[in-house]
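# A structural walkthrough
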Amino acid sequence: MKQFLLAVSLITGIGASQAALADDALKAAIAGQQRTPANTVRDSARHPYETLNFFGIKPNMTVVELAPGGGWYTEILAPYLRENGKMIVALGDPAVSKGAANFKQKLDATPAVYGKVEMGVFTPPAKLEYAAKGSADMVLTFRNVHNWIANGEPAMKTLFQSAYDTLKPGGVFGVVEHRLPAGKTQDEKASTGYVHESYVIKLAESVGFKLAGKSEVNANPKDTADHENGVWALPPTLANKEKDKAKYQAIGESDRMTLKFVKP
């Protein structure tokens, strides 16, 4: 019995040590000089450390980021996964998309940080060719669902199905999105930029995902989600310019759902 307890103690100690190292690596990536200064200013609103920890990220994972935009999270994920994991960014074809070409240029400019990042084609609903089926431990997307809804319900299911198919059994699909209060109406195109949490959950579950958890780490109770020009009235966009600027700055960035789904 004593030998058994000693073995358990050693295993637990090793596991705790590895977890601590993983946390330190993530903190180091977030604090790294590779990040754009304007991006780091938003850490207090976007909570990258808490968000990625909630999703259960580890440095030896294969992680796909859908529609990385300007690379806000890529700047963190790429160095974090560089040595022991794999980072795949899913975006447009650089040959035809200016945004994707600019993103590729960003990666190519700093090979010491981004030289191992792989790029896959992701232009919903036409092409979802970003990673092999059953190859990823985690698929992540940050504030993108509202951009895809105009493609229609069948296209949304196909997109979520692609995330499901890309994951290994037990893999995680992490979603952060602007949250529309349940009592407000979500139009067919999510034109305000806000989305019902129940809509995202129902969509994910319809393709086989199980909801593993919700986090309020990105919640903002000051956000009423009823602004002129929608979510873009708030920082950092401030679409209404000087009109009610102080009010929107006092609200801060949007209220966001943070959802963790698992592929059984």
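Data block above holds the structure.
Residues numbered from 1 in each chain as written. Predicted model: local features only at pLDDT ≥ 70, side-chain atom pairs only at ≥ 80, totals over all residues. Heavy atoms only, no water.

### Notes on the overall build of the protein
- Within the protein one finds 11 helices and nine strands.
- In terms of overall size, the protein behaves like a compact globule, its C-alpha atoms giving a radius of gyration of 19 Å where 264 residues would be expected to give roughly 18 Å.
- Expressed along its principal axes, the backbone C-alpha trace of the protein runs to roughly 70 × 45 × 40 Å.
- In the protein, which comprises 264 residues, the proportion classed as buried is 45%.
- When contacts within the protein are restricted to residue pairs at least 6 apart in sequence, long-range pairs at least 24 apart make up 75% of them.
- Only carbon and sulfur atoms are counted for the fraction: they give 55% of the accessible area of the protein, which is about 12,900 Å².
- Averaging the coordinates of the 31 positive side-chain charges in the protein and doing the same for the 27 negative ones gives two points 3 Å apart. (Helix = DSSP H or I, 4+ residues; strand = E, 2+ residues; numbered from the N terminus. Rg over C-alpha atoms; globule rule 2.2 N^0.38 Å. Buried < 20%, exposed > 50% of the residue type's maximum accessible area, 1.4 Å probe, protein only. Contact = heavy atoms within 4.5 Å. Areas by Shrake-Rupley, 256 points an atom, 1.4 Å probe, with all protein chains shown as cover. Lys, Arg positive; Asp, Glu negative; His and termini not counted. Charge placed at Lys NZ, Arg CZ, Asp CG, Glu CD.)

### Some remarks on the pairing of strand β6 (residues 167-180)
- Most of β6 is tucked away, with 11 of its 14 residues classed as buried.
- Across six bridges, the pairing between strand β5 (residues 136-142) and β6 is parallel. Residue F142 lies in a different strand from β6, and its bridge partner there is V176.
- Bridging between β6 and strand β9 (residues 256-262) involves seven bridges; their strand directions are antiparallel. Looking across to β9, one finds that E177 is bridged to M257. (Pairing = 2+ DSSP bridges.)

### Regarding the pattern of salt bridges
- In this structure the tally under the stated criterion is 14 salt bridges.
- Between R35 and D43 there is a salt bridge whose closest N-O contact spans 2.8 Å. With respect to class, R35 is no different from D43; both count as buried.
- Here E197 makes a salt bridge to K214, at a shortest N to O gap of 3.0 Å. With E197 in helix α10 (residues 197-206) and K214 in strand β8 (residues 210-215), this pair connects stretches of sequence that are 17 residues apart.
- On the basis of relative accessibility, which here comes to 14%, the residue E197 falls in the buried class.
- Three or more residues joined by partner-sharing salt bridges are found here, namely R179, E197, K214, E216 and D255. (Salt bridge = Lys/Arg side-chain N within 4 Å of Asp/Glu carboxyl O.)

### As for helix α9 (residues 153-166)
- Counted at 1.5 Å a residue, the expected span for α9 with its 14 residues is 20 Å, and the 20 Å between its end C-alpha atoms agrees.
- Buried residues of α9: A155, M156, L159, F160, S162, A163, Y164 and T166, and no others. (Expected span 1.5 Å × (residues − 1).)

### Details of the nonpolar core
- Ranked by size, the top nonpolar core spans 31 residues in total, and within it L66, F160, F173, V200, F209 and F261 carry the most contacts.
- Sorting the residues of this core by element identifies β1 (62-66), β2 (86-91), β5, α8 (145-148), α9, β6, α10 and β9 as the ones contributing at least two each.
- Beyond its immediate stretch of four places on either side in the chain, V200 contacts V145, F160, V175, V195, M257, L259 and F261.
- L26, V63, L81 and V113 belong to the second largest nonpolar core, which has 30 residues in total. (Core = buried A, V, L, I, M, F, W, Y, C linked by side-chain atoms within 4.5 Å.)

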